[in-house]
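# Notes for the structure review
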Amino acid sequence: MTAITCIDDLKRLHRARTPRMFYDYAESGSYTEQTFRDNCDDFSRIRLRQKVAVDMSGRSTSSKMVGLPVTMPVGLAPVGLTGMQHADGEILAARAAESFGVPFTLSTMSICSIEDVAAHTSSPFMFQLYVMKDQEFLEAIINRAKAANCSALVLTLDLQILGQRHKDLKNGLSAPPKLTLPTMLDLAMRWRWGLGMLKTKRHSFGNIVGHAKGVGDTSSLSSWTAEQFDEKLDWDKIARIREMWGGKLILKGILDPEDARIAADFGADAIIVSNHGGRQLDGALSSIRMLPHIVKAVGDQVEIHMDSGIRSGQDVLKALALGADATWIGRAFIHGLGAMGEAGVTKALEIIHKELDTTMALCGERHIDDLGLHNLLISNGFFEEYATPQP
């Protein structure tokens, strides 16, 4: 590919260079994948208002996310198995984010551990927590994040039970991959990926193996993980986690105004409007469609971030114009990582930044904080198309 001009170019390279089970893990949703598709499709239904004869000089996309200065209000969201998209993937993505001046969030289900990423970066990163039933493990991993000087804890609320992703089951997803004949043939075609994996020692879930009781290797990991997501997670437990953590807390997975009001009253430093990229409740509305309702409910009480469906700088602008204070990308940077490693993540950030800056200028704005509803054209009733039936 002679020129990489958009995230879709990186996506095509990612698909060609990464084993199918890991590409499908990234590029899929639960059940029928309706919400997965809607996340992107609904962005395309929002149009932009062009303005001319406006001074476009001196533009700035700089902003802050939970008090941290950023080059643009776009962070790298937590993605499990990132180190299976490319060898040492979490380390490479964290370094790219650090160099670009945006935050990186490490997933509980990462291949590289908290300590691995801390040892290869100089700026604090955020840590995303899945709440497990094992209290000893839960307390230990929070303390490990503290010891690594993580800047915020991102607590995911929408994965108390795992939504079924058909492709993962059919591909026999595992880390490292199980060596069936189809898997071996697929791996043989991805020699670039294979060479990278041969050079690293990181092939399993670094935050769990050797840290959770009874999980000393990959053979015992799958059963432990399947049993550990805490179905009893509620606001009382969230309060206890906040007390254990003692630092900035971001609540991820808010998709309903009522839940947003509870989170704001709870005192979260930020909430992330998210449907887990369409990977949990299939049939839920897209994040961008729910964003204005949540902004209306709590926009003056808590910092509002958004993820799910962002594939361009124009998507970022639309989210900010609808009231988000910041956005997060997952698949967009994963496509870059799978395509070209650290350089690919940097390229994804460069693409989104350029698209955001150019679009902002053509909408007649010079600073990210000036974006608003006046920059958008939206069909009548788009945000009211769905409503809870009244008894």
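Residues numbered from 1 in each chain as written. Predicted model: local features only at pLDDT ≥ 70, side-chain atom pairs only at ≥ 80, totals over all residues. Heavy atoms only, no water.

### Quick look at the overall build of the protein chain
- When helices and strands are counted, the protein chain shows 17 helices and 12 strands.
- Its C-alpha radius of gyration of 20 Å places the protein chain within 12% of the 21 Å reference for a compact globule of 391 residues.
- With respect to the three principal axes, the spread of C-alpha positions in the protein chain is 60 × 55 × 45 Å.
- The long-range share in the protein chain, meaning contacts at least 24 apart out of those at least 6 apart in sequence, stands at 74%.
- Counting every atom, the protein chain has about 17,100 Å² of accessible surface; 52% of that belongs to carbon and sulfur.
- Between the mean site of the 42 positive side-chain charges and the mean site of the 47 negative ones, the protein chain shows a separation of 5 Å. (Helix = DSSP H or I, 4+ residues; strand = E, 2+ residues; numbered from the N terminus. Rg over C-alpha atoms; globule rule 2.2 N^0.38 Å. Contact = heavy atoms within 4.5 Å. Areas by Shrake-Rupley, 256 points an atom, 1.4 Å probe, with all protein chains shown as cover. Lys, Arg positive; Asp, Glu negative; His and termini not counted. Charge placed at Lys NZ, Arg CZ, Asp CG, Glu CD.)

### Some remarks on the environment of alanine 77
- Residue placement: alanine 77 occurs in the loop between strand 4 (74-76) and helix 4 (82-85).
- Taking the C-alpha atoms as reference, alanine 77 lies 9.9 Å from alanine 332; in sequence the two are 255 residues apart.
- Among all residues touching alanine 77, those that are not within four sequence positions of it are Thr105, Trp328, Ile329, Gly330 and Phe333.

### So, the pairing of strand 9 (residues 270-273)
- Of the two faces of strand 9, the one holding Ala270 and Ile272 and the one holding Ile271 and Val273 are both buried throughout.
- At this point the chain moves from strand 8 (residues 249-254), through helix 13 (residues 257-266), to the parallel strand 9, and the crossover so formed is right-handed.
- Taken together, the 4 bridges between strand 9 and strand 10 (residues 303-306) define a ladder with parallel strand orientation. Bridge pairing in strand 10 places valine 273 opposite methionine 306.
- Regarding the hand of the β-α-β motif, the stretch spanning strand 9, helix 14 (residues 287-298) and strand 10 is right-handed. (Buried < 20%, exposed > 50% of the residue type's maximum accessible area, 1.4 Å probe, protein only. Right-handed = clockwise from strand over helix to strand, strands pointing away. Pairing = 2+ DSSP bridges.)

### Comments concerning the pairing of strand 11 (residues 326-329)
- Of the two faces of strand 11, the one carrying Ala326 and Trp328 and the one carrying Thr327 and Ile329 are both buried.
- Pairing of strand 4 with strand 11, which is carried by 3 bridges, proceeds in the parallel orientation. Bridge pairing in strand 11 links valine 74 to threonine 327.
- The sheet contact formed by strand 10 and strand 11 spans 2 bridges and is parallel.

### Some points on helix 13
- Within helix 13, the full set of buried residues consists of Pro257, Ala260, Ala263, Ala264 and Phe266.
- Looking at the packing, one finds that the buried side of helix 13 touches helix 12 (235-245), strand 8, strand 9 and helix 14.
- The residue sitting at the N-terminus of helix 13 and contributing the capping side-chain oxygen is aspartate 256; that oxygen lies 2.8 Å from the backbone nitrogen of glutamate 258.
- In the stretch just after helix 13, glycine 267 is the one whose phi turns positive, near 95°. (Polar contact = N/O pair within 3.5 Å; in protein donor to acceptor, adjacent residues only side chain to side chain.)

### Regarding the pattern of salt bridges
- Applying the stated rule across the entire model yields 17 salt bridges.
- For aspartate 24, the salt bridge is made with arginine 20, and the minimal N-O distance between the two is 3.3 Å. Note that aspartate 24 and arginine 20 are positioned in helix 2 (residues 20-26) at a spacing of 4 residues, about one turn of the helix.
- The buried category is assigned to aspartate 24, whose relative accessible area is 10%.
- When its relative accessible area of 53% is taken as the criterion, arginine 20 is described as exposed.
- Between arginine 202 and aspartate 88 there is a salt bridge whose closest N-O contact spans 3.0 Å. In this pair, arginine 202 sits in the loop between helix 10 (191-198) and helix 11 (218-228) while aspartate 88 sits in the loop between helix 4 and helix 5 (89-100), placing the two residues 114 residues apart along the sequence. Each member of the pair, arginine 202 as well as aspartate 88, carries the same accessibility label: buried.
- If you follow the salt bridges from partner to partner, you end up with Asp42, Arg45, Arg289 and Glu385 in one network. (Salt bridge = Lys/Arg side-chain N within 4 Å of Asp/Glu carboxyl O.)

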